[in-house]
Amino acid sequence: MKTKSRLIIGALLLAPGVYAIIRWSMIDADRKNQNQDEIITRYKNVLYTGGLSFTMLVLILLVLAMTGVLIAAYSKTKASNTQSGLRIFLMIVGITQIAMLLFSVL
């Protein structure tokens, strides 16, 4: 696989987790007098889960993020400056995403 396609696949694997974390942050900022069950329901409705628990959703996003980071890490062969910068950006975003998802599982 070429470097460009690896970077695109890595970005696509990281995208659902980035979207979910941004939306969860917005839900946290917006909560006023809601109980914990309502907040968890709003968290689960960010991405269509199909009846999965919140923990399982986070674990799936964690696996996607780790796979995206690995694919981005292995795409360093003969990359241009733009591709190298995008690779580093994807790795930073992915590692940050992994840390945030691990923190939410704890």
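Calculation rules
Residues numbered from 1 in each chain as written. Predicted model: local features only at pLDDT ≥ 70, side-chain atom pairs only at ≥ 80, totals over all residues. Heavy atoms only, no water. Helix = DSSP H or I, 4+ residues; strand = E, 2+ residues; numbered from the N terminus. Buried < 20%, exposed > 50% of the residue type's maximum accessible area, 1.4 Å probe, protein only. Contact = heavy atoms within 4.5 Å. Areas by Shrake-Rupley, 256 points an atom, 1.4 Å probe, with all protein chains shown as cover. Lys, Arg positive; Asp, Glu negative; His and termini not counted. Charge placed at Lys NZ, Arg CZ, Asp CG, Glu CD. Core = buried A, V, L, I, M, F, W, Y, C linked by side-chain atoms within 4.5 Å. Expected span 1.5 Å × (residues − 1). Arc of directions from axis to C-beta.

1. Examining the overall build of the chain
Across its full length, the chain holds four helices and zero strands. Summarising its shape, the C-alpha atoms of the chain cover approximately 55 × 25 × 20 Å along the three principal directions. Counting all 106 residues of the chain, 30% fall into the buried class. Taking contacts inside the chain between residues at least 6 apart in sequence as the whole, the part at least 24 apart equals 69%. For the chain, the accessible surface area stands at approximately 7000 Å², while carbon and sulfur atoms represent 66% of it. Taking the average location of the 11 positive side-chain charges in the chain and that of its 4 negative ones, the two points are 26 Å from each other.

2. What about the nonpolar core?
Ala20, Trp24, Tyr43, Val46, Leu47, Leu61 and Leu101 are the most contacted members of the largest nonpolar core, which totals 21 residues. At the level of elements, helix H1 (3-30), helix H2 (36-44), helix H3 (54-73) and helix H4 (81-105) are the ones that each hand at least two residues to this core. The contacts of Ala20, once residues within four sequence positions are left out, are Val46, Leu47 and Leu61.

3. Considerations on H3
The terminal C-alpha atoms of H3, which comprises 20 residues, lie 28 Å apart, in line with the 28 Å expected from a rise of 1.5 Å per residue. Burial in H3 covers these residues: Phe54, Leu57, Val58, Leu61, Leu62, Ala65, Gly68, Val69 and Ala72. Down the axis of H3, the smallest arc covering the buried residues is 140 degrees, so these residues share one side. Buried residues along H3 sit against H1, H2 and H4.

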